Amino acid sequence: MTEQITELQRCWYLSPPWRGEMPPVEIQLWEKVYLKSLETFGYCSGIQWWRDCWHYIIEITDDAVHATKHQIIGTGRFKPTNLQKPAFTLGDHVIFASCSNSPRQRLVLGVALVRGEWSYLVEIISPTLPQIDMMPRRFSLVKEADLVRVMV
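Residues numbered from 1 in each chain as written. Predicted model: local features only at pLDDT ≥ 70, side-chain atom pairs only at ≥ 80, totals over all residues. Heavy atoms only, no water.

Here we come to unusual backbone geometry. In this structure, Trp30 is a non-glycine residue whose phi angle is positive, near 70°. Its identity is not glycine, yet Asp52 carries a phi of approximately 70°, on the positive side. Mapped onto the fold, Asp52 is located in the loop between strand E2 (40-50) and strand E3 (53-60). (Helix = DSSP H or I, 4+ residues; strand = E, 2+ residues; numbered from the N terminus.)

Structure below.
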């Protein structure tokens with residue numbers, strides 16, 4: 001029975017939440033965007049899958065705003081930066097090194113710049129039916145050092 005549960009968890013973590021082909025992103029990292037609701041410009045510093053669509057993290061001066069494709073307009077212009085490109089991209093298969101009791105292979109569901117370093121959104125625990133307040137969050141931003149690329 002334990003092997004069946006482990007296999008079910010492995011399948012869960014490797015099943016893309018977008019069901020099928022990954023939807024295209026509307027803008028790229030560091031692309032300049034116009035935020036319709038705030039009537040201002042910012043730069044995309046992260047992208048993550050959340051509640052059935054891509055959410056974009058937009059930096060505006062000293063703040064960050066989350067937006068969907070309906071709230072932004074991409075300009076096609078990019079912020080010059082000396083940062084290295086992220087090591088992993090959306091949808092990559094990775095091994096989550098810090099995982100102990102469950103299957104370790106995961107999908108990268110987000111990429112974001114946090115305090116000058118690239119972080120990656122992975123699902124750390126499978127969903128449970130009753131959500132308990134003291135339960136850890138299902139998703140976590142982890143550093144590159146916590147992940148190992150899997151060739152598929």
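A separate point is the side chain of Arg106. Positionally, Arg106 belongs in strand E7 (residues 105-107). A polar atom in the side chain of Arg106 sits 2.6 Å from the backbone oxygen of Glu123. (Polar contact = N/O pair within 3.5 Å; in protein donor to acceptor, adjacent residues only side chain to side chain.)

What follows covers the pairing of E3. The buried count for E3 comes to six of eight residues, which makes it a mostly enclosed element. In terms of strand pairing, E2 meets E3 through seven bridges, oriented antiparallel. Residue Gly46 lies in a different strand from E3, and its bridge partner there is Ile57. Between E2 and the antiparallel strand that follows it, E3, lie two residues; Arg51 among them carries a positive phi value of about 50°. (Buried < 20%, exposed > 50% of the residue type's maximum accessible area, 1.4 Å probe, protein only. Pairing = 2+ DSSP bridges.)

Formed by 29 residues in total, the largest nonpolar core has its most connected members in Ile27, Trp54, Tyr56, Ile58, Ile72, Tyr120 and Leu147. Among the secondary structure elements, those contributing two or more residues to this core are strand E1 (31-35), E2, E3, strand E6 (93-96), strand E8 (110-114) and strand E9 (117-123). When neighbours within four sequence positions are excluded, Ile27 is seen to be in contact with Val33, Cys44, Ile47, Tyr56, Ile58, Ile72 and Gly74. (Core = buried A, V, L, I, M, F, W, Y, C linked by side-chain atoms within 4.5 Å. Contact = heavy atoms within 4.5 Å.)

Relative to the helices and strands, Pro86 resides in the loop between strand E5 (72-78) and E6. Separated by 31 residues in the primary sequence, Pro86 and Glu117 have C-alpha atoms spaced 8.9 Å apart. When sequence neighbours within four positions are dropped, the list of residues in contact with Pro86 reads Leu29, Val111, Trp118 and Tyr120.

Further remarks concern the confidence of the model for the protein. For the protein, the mean per-residue pLDDT works out to 82, and 76% of the residues sit at or above 70. Confidence, expressed as mean pLDDT per element, reaches its minimum in the protein at helix H1 (residues 2-14) with 59 and its maximum at E1 with 97. (pLDDT = per-residue confidence, 0-100.)

The tally for this structure, following the rule as stated, stands at two salt bridges. A salt bridge links Arg149 to Asp92, with the nearest nitrogen and oxygen atoms 3.0 Å apart. Of this pair, Arg149 sits in strand E11 (residues 147-149) while Asp92 sits in the loop between E5 and E6, and the two are 57 residues apart along the sequence. Judged by relative accessible area, Arg149 falls into the partly exposed class, the value being 38%. For Asp92, a relative accessible area of 17% puts it in the buried group. Among the salt bridges present, the one from Glu117 reaches Lys143, with a minimum N-O distance of 3.3 Å. A residue pair is termed long-range when its members are at least 10 positions apart, and Glu117 in strand E9 and Lys143 in strand E10 (residues 139-143) qualify at 26 residues. (Salt bridge = Lys/Arg side-chain N within 4 Å of Asp/Glu carboxyl O.)

On to the environment of Tyr56, then. Within the secondary structure layout, Tyr56 lies in strand E3. Sequence spacing of Tyr56 and Thr68 is 12 residues, and the spatial spacing of their C-alpha atoms is 6.1 Å. In terms of polar contacts, Tyr56 uses its side chain to reach the backbone amide nitrogen of Glu26, at 2.8 Å.

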